[in-house]
Structure formats: structure tokens, C-alpha cells
Amino acid sequence: MSVDRDTVRRIAQLARIRVEEEELDPLAKELSAILDWIEQLDEVDTEGVPPMTSVEAMEMKKREDEVTDGYCVEDILANAPKREGNFFVVPKVVE
Amino acid sequence: MTDLTKLTLAEARDGLRRGDFSARELTEAYLDAMAAGRKLNAYVAETPDIALKMAEESDRRLAAGEARPLEGVPVGVKDLYATKGVHTQACSHILDGFKPTYESTVTANLWEDGAVMLGKLNMDEFAMGSSNETSWYGPAVNPWKARDSDADLTPGGSSGGSAAAVAARLCAAATASDTGGSIRQPAAFTGTVGLKPTYGRCSRWGMVAFASSLDQAGPITRTVRDAAIMLTSMAGHDEKDTTSVNAPVPDYEAALEGDLSGVRVGIPREYRVDGMPDEIEALWGRSAEWLKERGAEIVEVSLPHTRYALPAYYIVAPAEASSNLARYDGVRYGLRVEGDSITDMYERTRAAGFGPEVRRRVMIGTYVLSAGYYDAYYLKAQKVRALIKRDFDEAFGKVDMLLTPATPSAAFELGAMTDDPLQMYLNDIFTVTVNMAGLPGISVPAGLAANGLPLGMQLIGRPFDEAGILRAARHMEEAAGLDLDPGDWWRS
């Protein structure tokens, strides 16, 4: 499956990774090569096969809905690139 | 005094308990080795002060007769394990400066059992790679060199630093992780033992996530006994990881005893791939003979969907990675590149912070999960995955474990495959099936190639039969009787 530069631009936007104009064609070529190779999965007859949801059959474990951890503001903010008080600071989100 | 770093983990553990030397002496020997081994670029962060403090505590406990299972044993930790207050970046630029305020469960288990932390080990960025060449810190170098060649070789990946450090005796053992072969392939390339447990045997809490349905923690060690000892400490249920299983951890070291009578070992015919080097094929046959001599029955089996495991993996793993790596956005930790808007900040941070291989995989993953493609790719890959698992389930009706080569070649030169991602992916051809089915797998050094480089054989077990494959691996190690010494061209 070939992807063209417009598709690469769209994927980059979905993945929130900035790709420069001059990188679009080489990236398209690389990704197409990988996707072409993956196409061989079409050879496999998967009619009636349920997709794997977990490696071993297991039931999702549950616990009581109660607070058992937290109240560690300094730990949470310890690696913040930019903080103010008890907040992470980012560029304005809403115009 | 003899070079203490020459002792295996088991010998060091026992020597400490007998009082032959102190934990401080042993740790100092390894700190010296670590400093003298910098040419290998195995460590990305050294923690000598922490190591000495831990060794001091170990000496106190040894003197008081309160030795824990790994008391005083110096280990290296792969950079993707969260180590409280210590460099944890999964060797990525995007996690620049990140020091977690918490400890991963697996490393906490090791420290609770008395192990000593020497430092953090090099790896492919976010565990994506088979040669340790995608690391932000540059490649780790294999202490092994081919006969009559001075070229630097890869120690494999992604746990290249772990494998190089163990092979060069810069630690008694190392933690590593395996998503598509990242423990077993580097072990095979460096003449060390690499064990990937069953999915769920060890907790993934505090491990930087790559592909959550495939990742698993495991040890790289010099001997099979050492791997059994490490696993006993690393494994166990963790309430903070719902995919970890609530099953008791056996004494894996005790399980090494016994011969292989009654054990049926399967040889899967589909692993005999086109272009397989004769010497690997020959070693495979020899390894089967060794197991037979020790009581095993050799049975040919078929795993028909083997060839589809690698392409299916390269849909599932990137898809899960694209989700797991969405958190690296410059907001809460690591690198931030300022932008005109928040979206611009995300896009610039991620472009600057991710290396080319990571970017490739995140984009493949984003594409295969996107609207209109999810069914054709991700769902299809998960169906193929179910068939791969079914193949193994059927085979385990006839045999107890499988014997295959670990890698399609010995260690290759650094730079040999960096221009060809697809060729690099083929390194995992014998290992990915095991992650896709969630089974335990171990790579054991079984022979040397014509050029003197180590070659590994892989044993694949039933779910939670780590004991079975460790026992068989111990027999193979004995039968092979290898004297594995990479030499010390790199020591300064």
C-alpha cells in the first residue's frame, strides 16, 4: 500500500509530529515500503477468527472505587518544563 | 585478590554469604570495571554513590545473618525502568532530564532482595530497534569482535547496553526488556543468556511502555543459573499492573535440577528459513542432539503461520506504540520546544524529541489505527496473532517446548543496516512469534560461528513453564561447554 505526501501530511498531523515539506517524499517512500511488506497478511485466511484480545484468557481485575494514593503535588510537578503554583504552564489552548 | 568480576552472580552471592569478600569490595570491583569500560558505551548513567550506599547496607545485613536472596549483588538497569531520582529516559531525547519520583515494581523487587544498582544501561530509543543504534546516546558496542577484524559490532537491541555490560563483566547481571526479541537477540549476539518470561509473569508498572500487549521484563546474565536467580526476584504479581498474573513465583534455581527424560522438544519446520547460514542450521541440529543425549525426545512440528508473525508484529507494535507515546508532548516532563500554539508546541517537541525510527513507527501505528484502516490492518493483525497462538497451542499438544535458532546471523557491524529498516526488522524473525503468543523464551549461547562470534539457540516454553525451559537451557549450556571470553580490547 503506497502512501503519498498528502497522506503523510495527514498522518503527521494526527500523530502531532511536525514534518517539514522536504521530508514528506522520503518519508512517504519509507512508510510505503513497510506498508507494502505488511500487505502479505492479506494471504492469511482469517475468516471466523476472533481477534486476540489478550494473550492468556483472563478476566479484568476490579477493586473498590476508593482513593488509595495521591496528594503528591510536588512529585507530579517535579519534572515540569514550566510550572506556576500547582499548575503546568502551556501556551493558550482556547482562543 | 582474584578479579571479583569474574565470579558469576551465583558465585558472588555465595561468596558474600561465606564472607570470602565484602559487598563493598565486590561493588568497588564493578565500579572500577564500569569506569574502565566506557568505550563500550554500555552505561548511560552511572550511580556509584547509590551503589556504595546499598553495598554498605548489604554488608550490615550479611554480618547480621540477614542476607536477602540477592544481597550485595551489583546489577545494571536498562534505561526504561523507572528508578527513583535517577536518570530514566528510555534513551530518548524527548525525556531529557526526566528523573522519576517513583520506582518500577521490578527494580523495587530487586532492591528489596538486596541487589545493588550500578547504573542505567543503554538501549534503542523507546526499545525500538535491534542494534542499539537508535539510542540518543549513540550505540552500545559489542565487546566481541570477529576474528581478524577490528570493526565495531552491534551488541543487538533493544537491550544492547544490558547485553554488552553483562558480556564485558561490567555488572553481575542486568535487567532488560523484550517486546519482539529485545532480550533474546542481544543475548545471542553477546554470548550471554537472555530470558523473556511469559507475558504477565513480571509487572510492567514503572517500565516505559512501548507495546503494552507485548512488553515483558526479564534478565540478561552470564549463565542459566544466574537467569533463574534473577527471575525469582523480578517476577511476581503486582496490583498496579492488571496484566500481571496472580500466581506464586517458584524457586527457579531449584527447578534447574533433573534430567530431561520424558521431555518432548519440538523442532518447528517453518523456522528453517531460506538463506539460513549452514553453521546455524548445523548448530541447531547439534543442540537437538545434546538434548536427546540428556533424555529428551525430539519431534518435528509445524507452526504454519510463522512467516506472518513479523508483518503482524509490525502492525500491532507500532499501533500500540503510537498510543503509548502520545503522552510525550512537552507538557509534564522532558523536552519542550516552544510553539505559537499548544498544537505547534506538541508538533515541534515531538519532531525534535523523537528519533527517525521512533517517528517511523509512531506514524505507521497512527496510520493503521486511523479511520478506514483499523479493520484492514490492526484487526487483521490481531486475527493473525490469534492464529499464531493457536499454532503454538496445537504444537504444545505434542511437545513440551520448542528449540529454534535465536537469530538469523551472528552480530553484524554497526552501521551495516541503518539505511534499511526492513532488513533491520528481519533480525527478529525467530523471536517475535514468542511475544505475539505471550510465551516464555530463552536464548542460550550454544556455539561459535566460524569467525569466532557467539551464536545462541532459543527454547520456547508453554505459558508459565519458565522452569521447564530453564532446565533444558541449563543442559544445553553444559553440553555446549563454551568458554566465552570476548577479550578486553575495550578496557582502559
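Residues numbered from 1 in each chain as written. Chains lettered and ligands numbered in written order. Predicted model: local features only at pLDDT ≥ 70, side-chain atom pairs only at ≥ 80, totals over all residues.

S.K.: Lay out the overall build of chain B in plain terms, naming residues and giving numbers.
M.R.: Along the backbone of chain B there are 15 helices and 11 strands. For 492 residues, the compact-globule estimate of 2.2 N^0.38 gives 23 Å, and the C-alpha radius of gyration of chain B, at 21 Å, lies within 12% of that figure. Each principal axis of the C-alpha atoms in chain B carries an extent, and together these give about 65 × 55 × 50 Å. Out of the 492 residues in chain B, the part that is buried amounts to 61%. In chain B, once contacts between residues fewer than 6 apart in sequence are set aside, the share between residues at least 24 apart is 76%. (Helix = DSSP H or I, 4+ residues; strand = E, 2+ residues; numbered from the N terminus. Rg over C-alpha atoms; globule rule 2.2 N^0.38 Å. Buried ≥ 20, exposed ≤ 12 C-beta atoms within 10 Å, placed from the backbone. Contact = placed C-beta atoms within 7 Å.)

S.K.: Requested: an account of the overall build of chain A, with residues and values cited.
M.R.: Counting secondary structure elements, chain A contains 3 helices and 2 strands. Mapped in sequence order, the helices and strands of chain A form the string α-α-α-β-β. A compact globule built from 95 residues should have a C-alpha radius of gyration of about 12 Å, whereas chain A, at 23 Å, is more than 25% larger. With respect to the three principal axes, the spread of C-alpha positions in chain A is 55 × 45 × 25 Å.

S.K.: Outline the nonpolar core, listing residues and values.
M.R.: All names here are of chain B. In terms of nonpolar packing, the biggest core is built from 169 residues, with Val75, Val116, Ala165, Cys171 and Ile315 touching the most fellow members. Residue contributions to this core peak at 10 residues, all from helix α9 (residues 309-324). Ignoring sequence-local partners within four residues, the contact set of Cys171 consists of Tyr30, Pro74, Val75, Gly76, Leu118, Ala165 and Val166. (Core = buried A, V, L, I, M, F, W, Y, C linked by C-beta atoms within 7 Å.)

S.K.: Quick one: what's the story with the environment of Leu310(B), residue by residue and with numbers?
M.R.: All names here are of chain B. By secondary structure assignment, the location of Leu310 is in helix α9. Residue Leu310 is classed as buried on the basis of its C-beta count, with 23 C-beta atoms lying within 10 Å. Distance in space between the C-alpha atoms of Leu310 and Ala115 is 36 Å, their sequence separation being 195 residues. What Leu310 contacts, discounting residues up to four positions off in sequence, is Tyr425, Asp428, Ile429 and Val432.

S.K.: Please set out the interface of chain B and chain A residue by residue, giving values where relevant.
M.R.: Listed by partner, the interface residues are 53 residues for chain B and 34 residues for chain A. Among the secondary structure elements, those contributing two or more residues to the side of chain B that touches chain A are α9, α10 (342-353), α11 (356-369), α12 (375-395) and α13 (421-425) of chain B. With 10 residues, α12(B) is the largest single contributor of residues to the side of chain B that touches chain A.

S.K.: So what about the packing of helix α7 (residues 224-234) of chain B against helix α15 (residues 466-480) of chain B? Which residues, and what values?
M.R.: Residues and elements named next belong to chain B. Here α7 crosses α15 at 160°, and the two axes come no closer than 9 Å. Relative to α15, the element α7 lies roughly antiparallel. When the axes of α7 and α15 are compared, the crossing they make is left-handed. For the pair formed by α7 and α15, the contact residues are Val224, Arg225, Ala227, Ala228 and Leu231 on the first element and Glu466, Leu470, Ala473, Arg474 and Glu477 on the second. The class makeup of the residues in the contact of α7 with α15 is 6 nonpolar, no polar and 4 charged. (Axes fitted to C-alpha atoms, helices over the stretch in contact; angles between N-to-C directions. Parallel < 35°, antiparallel > 145°, perpendicular 65-115°, else oblique. Left-handed = near helix turned anticlockwise from the far one by under 90°. Nonpolar A, V, L, I, M, F, W, Y, C, P; charged D, E, K, R; others polar.)

S.K.: Can you break down the environment of Ala211(B) residue by residue, with the values?
M.R.: All names here are of chain B. Here Ala211 is to be found in the loop between β5 (193-196) and β6 (216-221). Taking the C-beta count within 10 Å as the criterion, Ala211 has 24 such neighbours and is therefore assigned buried. Put simply, Ala211 and Thr349 are 138 residues apart on the chain and 22 Å apart in space, counted from C-alpha to C-alpha. Setting aside residues up to four positions removed in sequence, Ala211 forms contacts with Thr179, Val316, Ala317, Glu320 and Ala321.

S.K.: Talk me through α7(B); I want residue IDs and the actual numbers.
M.R.: All names here are of chain B. Burial of α7 is extensive: 11 of the 11 residues sit out of reach of the surface. Along α7, the positions that sit buried rather than exposed are Val224, Arg225, Asp226, Ala227, Ala228, Ile229, Met230, Leu231, Thr232, Ser233 and Met234. Gly236 occupies a position one or two residues after α7 and carries a positive phi of about 140°.

S.K.: How would you summarise the confidence of the model for chain B if you had to cite specific residues and measurements?
M.R.: Put simply, chain B has an average pLDDT of 97, and 100% of its residues get 70 or more. Here the complex is predicted with pTM 0.97, and the ipTM for its interfaces comes to 0.95. (pLDDT = per-residue confidence, 0-100.)

S.K.: Help me get a handle on the sheet that holds strand β11 (residues 454-461) of chain B, residues and values and all.
M.R.: Residue and element names in this part refer to chain B. The 11 strands lie next to each other as β1-β3-β2-β4-β6-β5-β10-β11-β9-β7-β8, forming an open sheet whose pairing is mixed. Looking along the sheet, the strands with just one partner apiece sit at the ends: β1 (43-46) and β8 (297-301). The mean inter-strand angle of the sheet, taken between neighbouring strand axes irrespective of direction, is 30°. Bridging between strand β2 (residues 74-78) and strand β3 (residues 116-121) involves 5 bridges; their strand directions are parallel. From the neighbouring strand, Val77 faces β3, where its bridge partner is Lys120. Helix-sheet contacts for helix α5 (residues 160-167) involve β1, β2, β3, β4 (173-178) and β6, and the interaxial angle to β4 is about 155°. (Pairing = 2+ DSSP bridges.)

S.K.: Provide a residue-level description of helix α3 (residues 48-63) of chain B, including the pertinent values.
M.R.: Each α-helix winds once per 3.6 residues, and so residues spaced three or four apart point in a common direction. All names here are of chain B. Taking 1.5 Å of rise per residue, 16 residues should cover 22 Å, and α3 covers 22 Å from first to last C-alpha, within 8% of that figure. By the burial criterion, the buried members of α3 are Ala51, Met54, Ala55, Ser58 and Leu62. Projection of α3 onto a plane perpendicular to its axis shows the buried side chains occupying an angular sector of 105°, all on one side. Relative to its buried face, α3 has exposed residues pointing more than 90 degrees away, namely Asp49, Arg60 and Ala63. If you follow the buried residues of α3, they end up packed against α1 (9-18), α2 (23-36), β2 and β3. Following α3 by one or two positions, Gly65 has its phi on the positive side, about 70°. (Expected span 1.5 Å × (residues − 1). Arc of directions from axis to C-beta.)

S.K.: Kindly report on the environment of Arg60(B), identifying the contributing residues and their values.
M.R.: Residues and elements named next belong to chain B. Looking at where Arg60 falls in the secondary structure, it is placed in helix α3. Of the residues examined, Arg60 has 11 C-beta atoms within 10 Å and is grouped as exposed. Taking the C-alpha atoms as reference points, Arg60 and Thr242, 182 residues apart in sequence, are found 36 Å from one another.

S.K.: Please set out the pairing of β3(B) residue by residue, giving values where relevant.
M.R.: All names here are of chain B. The element β3 is extensively covered by neighbouring structure, given that 6 of its 6 residues are classed as buried. Examined bridge by bridge, β1 and β3 share 3 bridges and lie antiparallel to one another. Directly across from Glu46, in β3, lies its bridge partner Gly119. The handedness of the β2 to β3 crossover, carried by helix α4 (residues 105-112), is right-handed. (Right-handed = clockwise from strand over helix to strand, strands pointing away.)

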